[in-house]
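Topology and contacts: notes
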Amino acid sequence: MKKIAIFASGNGSNAENIIRYFQEKESSGEVALVVCNKVGAKVLERAGRLGVESVVMSRDEINDRQRMLGVLDSHGIDIIVLAGFLLMIPEFLIERYRDRIVNIHPSLLPKFGGKGMYGHYVHEAVVASGENETGITIHYVSEICDEGRIIFQARTPVLPSDTADDVEKKVHDLEREHFARVIDETFCGL
Ligand code: GAR
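Attention in this report is confined to the structure presented alongside it. (Residues numbered from 1 in each chain as written. Predicted model: local features only at pLDDT ≥ 70, side-chain atom pairs only at ≥ 80, totals over all residues. Heavy atoms only, no water.)

**Focus on the packing of helix α1 (residues 13-24) against helix α2 (residues 42-49)**
Applicable threshold: Axes here mean lines fitted to C-alpha atoms, for a helix over just the part in contact, with angles spanning 0 to 180 degrees between N-to-C directions. Helix and strand labels come from DSSP, where a helix needs a run of H or I of at least four residues and a strand needs a run of E of at least two; each type is numbered from the N terminus. We call two directions roughly parallel when the angle between them is under 35 degrees, roughly antiparallel when it is over 145, roughly perpendicular when it lies between 65 and 115, and oblique otherwise. Left-handed describes a crossing whose near helix is turned anticlockwise from the far helix through less than a right angle; right-handed describes the clockwise counterpart. Contacts are residue-level and defined by heavy atoms, with any inter-residue pair within 4.5 Å sufficient. Throughout, the ten residues Ala, Val, Leu, Ile, Met, Phe, Trp, Tyr, Cys and Pro are labelled nonpolar, Asp, Glu, Lys and Arg are labelled charged, and all others, Gly among them, are labelled polar.
Where α1 contacts α2, the two axes come as close as 9 Å, and the packing angle between them is 15 degrees. As the angle between them shows, α1 and α2 are arranged roughly parallel. For α1 against α2, the interelement crossing comes out right-handed. The residues of α2 that touch α1, namely those facing Ser 13, Ala 15, Glu 16, Ile 19 and Arg 20, are Val 43, Arg 46, Ala 47 and Arg 49. Looking at side-chain class alone, the contact of α1 with α2 contains four nonpolar, one polar and four charged residues.

**Looking at the pattern of salt bridges**
Convention followed: Think of a salt bridge as a Lys or Arg side-chain nitrogen and an Asp or Glu carboxyl oxygen that are within 4 Å of each other.
Considering all chains together, one arrives at 14 salt bridges under this definition. Put simply, Asp 73 and Arg 96 hold a salt bridge, and the shortest N to O gap is 2.9 Å. One end of the pair, Asp 73, is in helix α4 (residues 65-74); the other, Arg 96, is in helix α5 (residues 91-96), with 23 residues separating them in the sequence. Each of Glu 16, Arg 20, Arg 46 and Arg 49 takes part in salt bridges that share partners, so that together they form one network.

**Here's the deal with the site of the ligand**
Which entries qualify depends on this criterion: Throughout this document, a residue counts as near a molecule or strand when at least one of its heavy atoms sits within 4 Å of that molecule or strand. Nitrogen and oxygen atoms within 3.5 Å of one another constitute a polar contact, given that in protein one can donate a hydrogen and the other can accept it, and given that sequence-neighbouring residues count only through two side-chain atoms. The method behind every accessible area is Shrake-Rupley, applied with a 1.4 Å probe, and residues are considered shielded solely by the protein chains displayed.
Close contacts around the ligand come from 13 residues, with Gly 12, Ser 13, Asn 14, Gly 119 and Glu 175 the closest. In the model, an oxygen atom of the ligand is placed 2.6 Å from a nitrogen or oxygen of the Ser 13 side chain. Contacts to the ligand include His 105, whose side-chain N or O atom sits 3.3 Å from a nitrogen atom. Coverage of the ligand by the protein amounts to 90% of the 450 Å² it exposes when considered alone. Broken down by secondary-structure element, the contributors of at least two residues to the shell around the ligand are α1, β5 (101-105) and α7 (164-187). Per-class residue counts for the shell around the ligand are four nonpolar, eight polar and one charged.

**Thoughts on the nonpolar core**
Let me state the cut-off plainly: Think of a nonpolar core as a cluster: buried Ala, Val, Leu, Ile, Met, Phe, Trp, Tyr and Cys residues, connected wherever their side-chain atoms sit within 4.5 Å. Only protein chains enter the calculation, and the probe is 1.4 Å; a residue is then buried if its accessible area is under 20% of its type maximum, exposed if over 50%, and partly exposed in between.
One finds Ile 6, Ile 18 and Val 81 to be the most contacted residues of the largest nonpolar core, which totals 41 residues. Ranked by residue count, the leading element in this core is α7, at eight residues. Discounting residues that sit within four places of it in the chain, Ile 6 has contacts with Ala 15, Ile 18, Ile 19, Val 31, Leu 33, Val 34, Val 35, Val 81 and Ala 83. Among the nonpolar cores identified, the runner-up in size contains 24 residues, and Met 57, Met 68, Ile 77 and Ile 89 belong to it.

**Concerning the pairing of β5**
So the rule is basically this: The rule for pairing is simple: two strands pair if DSSP sees at least two bridges between them. For crossovers, right-handed means that the path from the first strand over the helix to the second runs clockwise, given strands pointing away from the viewer.
For β5, the tally of buried residues reaches five of five residues, placing the bulk of the element in the interior. Of the two faces of β5, the one lined by Ile 101, Asn 103 and His 105 and the one lined by Val 102 and Ile 104 are each fully buried. Direction of pairing for strand β4 (residues 79-82) relative to β5: parallel, over a ladder of three bridges. When the bridges of β5 are listed, Leu 82 appears paired with Asn 103. In this region the chain leaves β4, passes through α5 and returns to the parallel neighbour β5; the handedness of that crossover is right-handed. For β5 and strand β6 (residues 133-140), the ladder comprises four bridges, and the chain directions are antiparallel. By the bridge assignment, His 105 is partnered in β6 with Thr 137.

**Some remarks on α1**
Condition: Here, expected helix span is obtained from the residue count minus one, scaled by 1.5 Å.
For α1, with twelve residues, the first-to-last C-alpha span of 16 Å sits near the 16 Å given by 1.5 Å per residue. Looking at the packing, one finds that the buried side of α1 touches β1 (2-8), β2 (29-36), α2, β4 and α7.

**Points about the packing of aromatic side chains**
We describe a pair of aromatic rings using the distance from one ring centre to the other and the angle between the two ring planes. This is how it is decided: Aromatic rings from Phe, Tyr and Trp, with only the six-membered ring used for Trp, were paired whenever their centres fell within 6.5 Å, and each pair was classed as stacked if the ring planes differed by under 30 degrees, edge-to-face if by over 60, and tilted otherwise.
Scanning the entire structure with this criterion turns up four aromatic pairs. With centroids separated by 5.3 Å and ring planes inclined at 80 degrees, the aromatic side chains of Phe 7 and Phe 85 adopt a geometry described as edge-to-face. Of this pair, Phe 7 sits in strand β1 while Phe 85 is found in the loop between β4 and α5, placing the two residues 78 residues apart along the sequence. Note on accessibility: Phe 7 and Phe 85 belong to one class, buried. Geometrically, the ring pair formed by Tyr 140 and Phe 187 is edge-to-face, given 6.4 Å between the ring centres and 90 degrees between the ring planes. In this pair, Tyr 140 is assigned in strand β6 and Phe 187 in helix α7, connecting sequence segments 47 residues apart.

Here you go:
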């Protein structure tokens with residue numbers, strides 16, 4: 001069984017979808033832990049409701065090699081999934097989990113990526129730039145923010161009348177449709 005840790009900072013709709021997917025589907029993957037850097041984040045409530053253990057860790061604790069690897073090792077974590085996680089991942093974690101950490105980004109990278117580009121800011125930038133399509137990118141995490149090898153992209157049209165909220169909804173739909181399946185196919189075998 002491949003054990004997955006989901007790192008999330010806020011709402012956690014992707015985390016919930018991934019947890020449900022692996023609970024409902026016969027797969028060799030299992031979400032064993034949610035790591036969150038915000039006390040009171042909605043993702044913690046979602047994990048609790050679904051019976052998945054969660055831990056709140058401060059930025060300093062996440063950046064503390066012994067502490068962070070200790071938490072992951074004690075849960076036997078094989079794969080890390082970033083799902084709306086807003087802190088930078090420390091290098092020791094990228095090295096230890098090389099090609100075993102994935103992130104989802106709510107645009108068609110390399111467009112609208114990089115530091116400060118997350119969540120609603122991405123959708124606002126897409127609308128402001130007059131793009132006629134956007135999408136999601138699932139990629140390995142490397143030392144450079146949003147530049148790791150791309151595993152999967154999916155596209156959706158942006159209409160001239162679309163607001164950033166409209167775009168966000170379309171992107172969330174794509175995330176719900178694809179993210180868990182891509183994790184499963186990439187890491188847990190078919
Ligand atoms: C998702 O749309 C995800 O793609 C995005 O944050 C949202 C989190 O939603 N991630 C980034 O922008 C990373 N740069 P959720 O908490 O409901 O899953």
